[in-house]
Amino acid sequence: MVSPHLVVGERHPRLDAMDQTRGAVIYADDVAPPGVLVGRLLRSPHAHASVVRIDTTHAQALDGVIGIITGEDLPTRYGILPISQDEYALALDTVRYVGEPVAAIAATSATVAERALALIEVEYEAMASTLSLRAALEEELPLLHGDGVGRNVHRSVALEFGDVDGALRSSHHIEEDVFFFRGNTHAALEAHSATASYSPQGKLTLTSSTQVPHYVHRTLEKVLGLPSGKIRVIAAPVGGGFGGKTDPFSHEIAAAKLAMLTGRPVKFTLSREEVFYTHRGRHPVLMWLKTGFSADGNITAVHFRSFLDGGAYGSYGVATLYYTGALQATTYRIPNYRFEGVRAFTNKPPCGPKRGNGTPQPRFAIECQLDKASEALGIDPVALRLRNLVEPYSSTVNHLRITSSGLKECIERVVAASDFDARHGRLADGRGIGIAVGSYMSGAGLPIYWNDMPQSEVEIRVDRGGGVTVLSMAADIGQGSTSMLATVVAHRLGLRMEDLNLVTGDTDLTPIDLGSYSSRVTFMAGNAALDAATAVRQQILSVVGRKLEVDVADLELAGARVFVRGDEESGMSWSEAVQLTIASDGPLLATGSYRAPELAGPYRGSGVGISPAYSYSACVVLLACDRDTGMVEIERVWLAHDVGKALNPLLVEGQIEGGVYMGLGEALFEEQSFRGAHHRGPSLLDYKIPTALEMPPVETIIVESDDPEGPYGAKEVGQGPLLPVIPAVANAIHDAIGVRIDEVPITPDKVVAALRSAERGRSTRFGPSGVPAFEFPEITRVEPPVGFGVT
Amino acid sequence: MTTHLPTFDYRRPTSLGEAVRLISSGGSSTVVMAGGTDLVPKMKRRQLTPSTVISLSRVTEMQGIRYQDGATTIGSGTLLREVVASRLVPEPLRLAAATVASPHVRNTATIGGNLCLDTRCNYIDMPEGWRIANGHCLKDGGDTCWVAPRQERCWAVHASDVSPIAIAMHTNVRLVSETGERIIPLEDLYANDGINNLTKRRDELLVELKIPSIEMRASYYKLRRRGAIDFALVGAAASFALEEAGSAEDVRIVLTGIASAPVRVFEAEQFLVAEGLSPGSIVEAAGIAGSCVRTQDNTDLGSRYRKWMIPVAVQRVLEGLAMNTNERSADRGTD
């Protein structure tokens, strides 16, 4: 019996699993064209300085140095967001953080290149640097971007939906807290690498460990002044992205420029230290959160202020700023909401997007505050959450369209699986259990640069033997996007995943996909693939239907056969059907595409946060905390995630476990921190990612809410599961030892400091005491959606 | 940004005689390498750019573990993995060696290398570019210790996990040079100076450890962030030789991760000899240890926390020992 559902919903190892296991995958750093030169970047030792003079004469004279470039060779500004075109590939006249690239060398060996770096003479004129949020927002210091002195404000926002002050005035209970999320970095195992070559015919090819080949393509076009057809960007399989390979980078542009100048291939692979300076990681965010509640625990209003330490450049920062205020409303029904936020420039490596871009920080604040409110109101934390949940198929106060939501089921299932009710508040001293929830977008509703074209396109070609090739620019960053495409297409065509050929992440060969960020690939490229596969299917069925004189509706495509439903022996094999179709219609090619529906609300800034669908997660953490040392041992994690439909449960579980791992690291260990302008430890010894010994058993629970617009009902799973982990840890620590650590990461010194303070009868809390004095812009008042507030 | 080793001459002597000759004739820019797990990263970071590296990995006299004349002798070139696995090695030492770094490192690192581990600090164990940007510290050829700029010494921290337990167990080490050899107590190998932290002469090689068979209990407690890889925030070893249960006649308490050398806490030791081991005396001894040792802000998590953790570590290691002792006494009672 041929089942029509052989692929979707089944557990399949990733297509590249065996190659990964055998070490056969060709990563960017494995690319080694003949004659390749070794590239190295000279980096600034100053946090803030004018570049007065660069003399490369001595370096140039060194035997084996083939090319040297400086900022003057690449004078075009760029940046990932059209509104933040503030970077140069190599500092042009100003350096803004320690480690910023100033010059690039291509040499015949690493030894020569590194020796040559020391021979480049750079004269700097140091300026006062801005090193903290407070300094940026409260002091008059030399501007990072612009002339003179002033406040180093990148961008600020103030929005109000409904009447927050009025609602707070009539609230039964008000919680007001300050939280600090210290910021961290991706720490992907693979360091960034890019190799460029330039043909005598003037064609540039760049192979890079990037999540966004299309955006790199566009940036090279702009900075190098080449037509797009003369640039080919290939996204190599990525050894960990997490948002860290989502910007166009100096080393990619320098590799391209040096290849053009020298006529030889040039490769840059960053050292671990350089990866920490390249950063684009989680923003440190200071947060002030005031929430009103009715006597029975309904949220009446939320007033939220976020202060982001953005580092030296824009990157995705404007989006990050808006994200800190946007997704609050997707889990809990907030009737009145005011969001004020500011992103500051500081002389530190630029922050950017990391898994959950801008949402783990406020999620930490909201979920910890809910637990505090639950105590004050005398309402169980689970009950308090359940009574405030956003309804499926509704609108939020800030005009986000909510479709499917399995959040209630997620909560109920983690609570049941973890025996939360019997344990919370009842475990022996030193052991605790905590809960939190989260929600994330299945793809940003808008592309990064404004355009009317599809967000994802997929092409399918079928050869005369029935071989199927699927082409998509979606970059596989280890999340399994290539296997996802195979799953969707194979399922639609009645084939097996391993029957398909996948060509991905190549701007010469594959149609556009905007990239692997914002958890967009399954929803958007998946839908585009489904669209293309459906076109192939329809074409074949209509030709076969004509031939067999059967209504197309009665035909089935499964098990590599086309047959009349109910009679598998009828009809013909897949390859016969393909040949018949080509004989009838010519080349068998189809394309498909996806565009998100128009979702933006009626206000400036409403483009951030909108998504065709939201995933939901709930997490329970059980842990033990040592009162003497402050060390926390995670005993077990339960995580339920509403993925809409698990196209491949094996990969869904992998993403959930990975999100839990990263969340635990952020909660307890990881911190991109600085002593003045200097990174506290740009190495994997000092930057503490958890080891296998710190990773507890994780019980994953897949919830399927069957999204009406997702491919086969699927939504995202790459980022969402991280979000609730961090506050669940904080809440569990409070349950274990009775103190509140309102700052992430929750390191043992903070725990012990809070316990010692509590022992002395002082505060039972460790965390920030206030926020900088900053005057937010005048509030833009936005009417809630029509019908909102009517219950 | 340097990522590759600098160039150097590489020598691999096969006998102790050849090794000490090479060291003796080598200039000040000659270094010896045991497992290289600390030296090689340091060279990549250009903390050291020796002209010659002398590998000790083939010196047969420095290999192996044996028991003779009432002592366990461990060649300094013995891999930590072998120390951990050997039944000839007293258990407390094996357990302490098993806390060093990770299995991968212990497959390469040696016990002698761990004892001679260079001192560590937030300002020195950094990439070259970092140290240039920050300004070279005293240990790095500069003229200021960034940990305590007003003082004229280096505060880099001794970080061996093996030294505290080995000192607690009365270990002696044999030092050999071209001109002779000497045996000294291990604790005399160290000086509380972040730069000149070893008392042995440059031409001397630490060839072996000798751990006497004394009737004693000993244990090591390591407080660290992660269950592997990390150096100790504070490490505490303790030992006591017993006449009868509850009364200690010789107590040693040794700390690591605190000062530029392993620190014996004599005040706490003497207190326990006088008071004997009891739950109350352990807490008091731990408090004494906490009050007589200072910390600097030069490793992970800052000085205040590490200062707080000294009594915790001392109490835990003593409680562990007391528990073992009581079990042992109980065993004896049933004999």
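Residues numbered from 1 in each chain as written. Chains lettered and ligands numbered in written order. Predicted model: local features only at pLDDT ≥ 70, side-chain atom pairs only at ≥ 80, totals over all residues.

Remarks on the overall build of chain B
Stage number 1. The helix and strand tally for chain B stands at 11 helices and 12 strands.
Stage number 2. Taken over C-alpha atoms, the radius of gyration comes to 20 Å for chain B, in line with the 20 Å a tight globule of 335 residues would show.
Stage number 3. Principal-axis analysis of the C-alpha atoms places the extent of chain B at approximately 65 × 45 × 35 Å. (Helix = DSSP H or I, 4+ residues; strand = E, 2+ residues; numbered from the N terminus. Rg over C-alpha atoms; globule rule 2.2 N^0.38 Å.)

Quick look at the overall build of chain A
Stage number 1. Scanning chain A from terminus to terminus reveals 19 helices and 36 strands.
Stage number 2. In terms of overall dimensions, chain A has C-alpha extents of about 85 × 70 × 50 Å along its principal axes.
Stage number 3. Counting the 791 residues in chain A, one finds 61% classified as buried.
Stage number 4. For chain A, restricting intrachain contacts to residue pairs at least 6 apart in sequence, the fraction spanning at least 24 positions comes to 80%. (Buried ≥ 20, exposed ≤ 12 C-beta atoms within 10 Å, placed from the backbone. Contact = placed C-beta atoms within 7 Å.)

Side note on the sheet that holds strand E9 (residues 153-161) of chain A
Picture the strands of a sheet paired through backbone hydrogen bonds; they go either parallel or antiparallel.
Residue and element names in this part refer to chain A.
Stage number 1. One open sheet holds the 7 strands; their spatial order is E34-E10-E15-E16-E17-E9-E36, and the pairing between them is mixed. If you trace the sheet from one side to the other, it starts and ends with strand E34 (743-744) and strand E36 (780-782), each paired once.
Stage number 2. The sheet contact formed by strand E10 (residues 173-181) and strand E15 (residues 285-293) spans 9 bridges and is antiparallel. Looking at E15, one finds that Glu-176 is bridged to Lys-290.
Stage number 3. Contacting E9, E15, strand E16 (299-309) and strand E17 (337-344), helix H9 (residues 317-326) crosses the sheet at an angle of about 155° to E16. (Pairing = 2+ DSSP bridges. Axes fitted to C-alpha atoms, helices over the stretch in contact; angles between N-to-C directions.)

Overview of helix H15 (residues 521-548) of chain A
Stage number 1. Between its first and last C-alpha, H15 of chain A extends 38 Å over 28 residues, near the 40 Å set by a 1.5 Å rise per residue.
Stage number 2. Two residues or fewer after H15 of chain A comes Glu-549 of chain A, characterised by a positive phi angle close to 55°. (Expected span 1.5 Å × (residues − 1).)

Let's talk about the nonpolar core
Nonpolar side chains tend to gather and get buried jointly when the protein is soluble and globular.
Stage number 1. Counting 346 residues, the largest nonpolar core has Cys-619, Val-621 and Val-729 of chain A as the members making the most contacts within it.
Stage number 2. Counting residues per element, this core draws most heavily on H15 of chain A, at 14 residues. (Core = buried A, V, L, I, M, F, W, Y, C linked by C-beta atoms within 7 Å.)

Regarding the sheet that holds strand E7 (residues 180-185) of chain B
Residue and element names in this part refer to chain B.
Stage number 1. Taken in spatial order, the 5 strands make up an open sheet running E4-E5-E8-E6-E7, and their pairing is antiparallel. Each edge of the open sheet is held by one strand with a lone partner, namely strand E4 (65-68) and E7. Strand after strand, the sheet turns through a mean of 25° between neighbouring axes, direction not considered.
Stage number 2. With 4 bridges connecting them, E4 and strand E5 (residues 71-75) associate as antiparallel partners.

Points about the interface of chain B and chain A
Stage number 1. Contact residues are listed per partner, giving 22 residues for chain B and 26 residues for chain A.
Stage number 2. Grouping the amino acids of the side of chain B that touches chain A by side-chain chemistry returns 13 nonpolar, 7 polar and 2 charged. (Nonpolar A, V, L, I, M, F, W, Y, C, P; charged D, E, K, R; others polar.)

Side note on the confidence of the model for chain B
All names here are of chain B.
Stage number 1. Residue-level pLDDT values for chain B average 93, and 94% of them are 70 or greater.
Stage number 2. Every residue in residues 328-335 scores below 50 in pLDDT, and together they form 1 contact with partners more than four places removed in sequence or on other chains.
Stage number 3. In the predicted assembly, ipTM is 0.95 and pTM is 0.97. (pLDDT = per-residue confidence, 0-100.)

Some thoughts on unusual backbone geometry
All names here are of chain A.
Stage number 1. Following Val-744, the chain continues to Pro-745 via a peptide bond in cis, the omega torsion being 5°.
Stage number 2. Relative to the helices and strands, Pro-745 resides in the loop between E34 and helix H19 (748-759).
Stage number 3. One non-glycine residue with positive phi stands out, namely Phe-242, at about 60°.
Stage number 4. Even without glycine at this site, Ala-560 takes up a positive phi of about 60°.

Details of the packing of helix H10 (residues 360-377) of chain A against helix H18 (residues 725-737) of chain A
Residue and element names in this part refer to chain A.
Stage number 1. Packing of H10 against H18 leaves a shortest axis separation of 8 Å and a crossing angle of 30°. Judged by the angle between their axes, H10 and H18 are roughly parallel. By crossing handedness, the relation of H10 to H18 is classed as right-handed. On H18, the residues touching Pro-360, Arg-363, Phe-364, Glu-367, Cys-368 and Asp-371 of H10 are Ile-726, Pro-727, Ala-730, Asn-731 and His-734.
Stage number 2. Partitioning the contact of H10 with H18 into residue classes produces 6 nonpolar, 2 polar and 3 charged. (Parallel < 35°, antiparallel > 145°, perpendicular 65-115°, else oblique. Left-handed = near helix turned anticlockwise from the far one by under 90°.)

Quick notes on the environment of Asn-196 of chain B
All names here are of chain B.
Stage number 1. With respect to the helices, strands and loops of the structure, Asn-196 is situated in the loop between E7 and strand E8 (205-212).
Stage number 2. In this structure Asn-196 comes out as exposed when scored by C-beta crowding, with 12 C-beta atoms within 10 Å.
Stage number 3. Along the backbone, Asn-196 and Gly-135 are 61 residues apart, and their C-alpha atoms lie at a distance of 21 Å.

A look at the pairing of strand E14 (residues 266-269) of chain A
Residues and elements named next belong to chain A.
Stage number 1. The two faces of E14 match: Val-266 and Phe-268 on one face and Lys-267 and Thr-269 on the other face are all buried.
Stage number 2. Bridging between strand E1 (residues 37-43) and E14 involves 2 bridges; their strand directions are parallel. Within E14, the position partnered with Leu-37 by the bridge is Val-266.

Examining helix H14 (residues 481-493) of chain A
All names here are of chain A.
Stage number 1. With 13 residues, H14 should cover 18 Å at 1.5 Å per step; its first-to-last C-alpha distance of 18 Å lies within 8% of that length.
Stage number 2. Buried residues dominate H14, accounting for 13 of its 13 residues.
Stage number 3. Looking at the residues trailing H14, positive phi occurs at Gly-494, about 70°.

Some details on the packing of helix H9 (residues 266-275) of chain B against helix H10 (residues 279-292) of chain B
Residues and elements named next belong to chain B.
Stage number 1. Axis separation between H9 and H10 bottoms out at 8 Å; the angle between their running directions is 160°. With respect to their mutual orientation, H9 and H10 come out roughly antiparallel. Where H9 crosses over H10, the handedness of that crossing is right-handed. Of the residues in H10, those touching H9 at Glu-267, Ala-268, Phe-271, Leu-272 and Glu-275 are Ser-281, Glu-284, Ala-285, Ile-288, Ala-289 and Cys-292.
Stage number 2. Class assignment of the residues belonging to the contact of H9 with H10 gives a composition of 7 nonpolar, 1 polar and 3 charged.

Thoughts on the domain arrangement of chain A
Residue and element names in this part refer to chain A.
Stage number 1. In terms of domain boundaries, chain A breaks down into domain 1 (36-127 + 190-239 + 245-278), domain 2 (285-446 + 601-780) and domain 3 (447-594).
Stage number 2. The C-alpha-based centres of domain 1 and domain 3 are spaced at 39 Å.
Stage number 3. If you look at the interface, domain 1 gives 18 residues, while domain 3 gives 16 residues.
Stage number 4. Elements that contribute at least two residues to the side of domain 1 that touches domain 3 include exactly helix H6 (213-224) and strand E13 (231-235).
Stage number 5. By residue class, the composition of the side of domain 1 that touches domain 3 is 11 nonpolar, 6 polar and 1 charged. (Domains from an automatic or database assignment.)

Some details on the pairing of strand E6 (residues 172-177) of chain B
In the case of a regular strand, side chains alternate between the two sheet surfaces.
Residues and elements named next belong to chain B.
Stage number 1. In this structure, E6 lies alongside E7, joined through 6 bridges in antiparallel fashion. Paired with Leu-175 across the bridge in E7 is Arg-182.
Stage number 2. Linkage of E6 to E7, two consecutive antiparallel strands, is achieved through a turn of 2 residues.
Stage number 3. Relative to E8, E6 runs antiparallel, the two sharing 5 bridges. Counted as the bridge partner of Val-176 is Leu-205 from E8.

Notes on the confidence of the model for chain A
Stage number 1. On average, residues of chain A score 97 in pLDDT, and 99% of them reach the 70 mark or higher.
Stage number 2. The model gives residues 1-5 of chain A a pLDDT under 50, and that stretch makes 5 contacts with residues more than four places away or in other chains.

Thoughts on the environment of Ala-228 of chain B
Stage number 1. Take Ala-228 of chain B: it is sitting in the loop between strand E9 (216-223) and strand E10 (234-244).
Stage number 2. Ala-228 of chain B gets classed as partly exposed once you count the C-beta atoms within 10 Å, which come to 16.
Stage number 3. Considered as a pair, Ala-228 of chain B and Pro-103 of chain B are 125 residues apart in the sequence and their alpha carbons are 8.5 Å apart.
Stage number 4. Those residues in contact with Ala-228 of chain B that sit more than four places away from it in its chain are Thr-691 and Leu-693 of chain A together with Ser-102 of chain B.

Thoughts on the environment of Gly-605 of chain A
Residues and elements named next belong to chain A.
Stage number 1. Inspection of the secondary structure puts Gly-605 in the loop between strand E27 (588-594) and strand E28 (614-625).
Stage number 2. Sequence-wise, Gly-605 and Lys-715 are 110 residues apart; in three dimensions their C-alpha atoms are separated by 24 Å.
Stage number 3. Residues contacting Gly-605, with those up to four places away along its chain left out, are Val-157, Leu-159 and Tyr-322.

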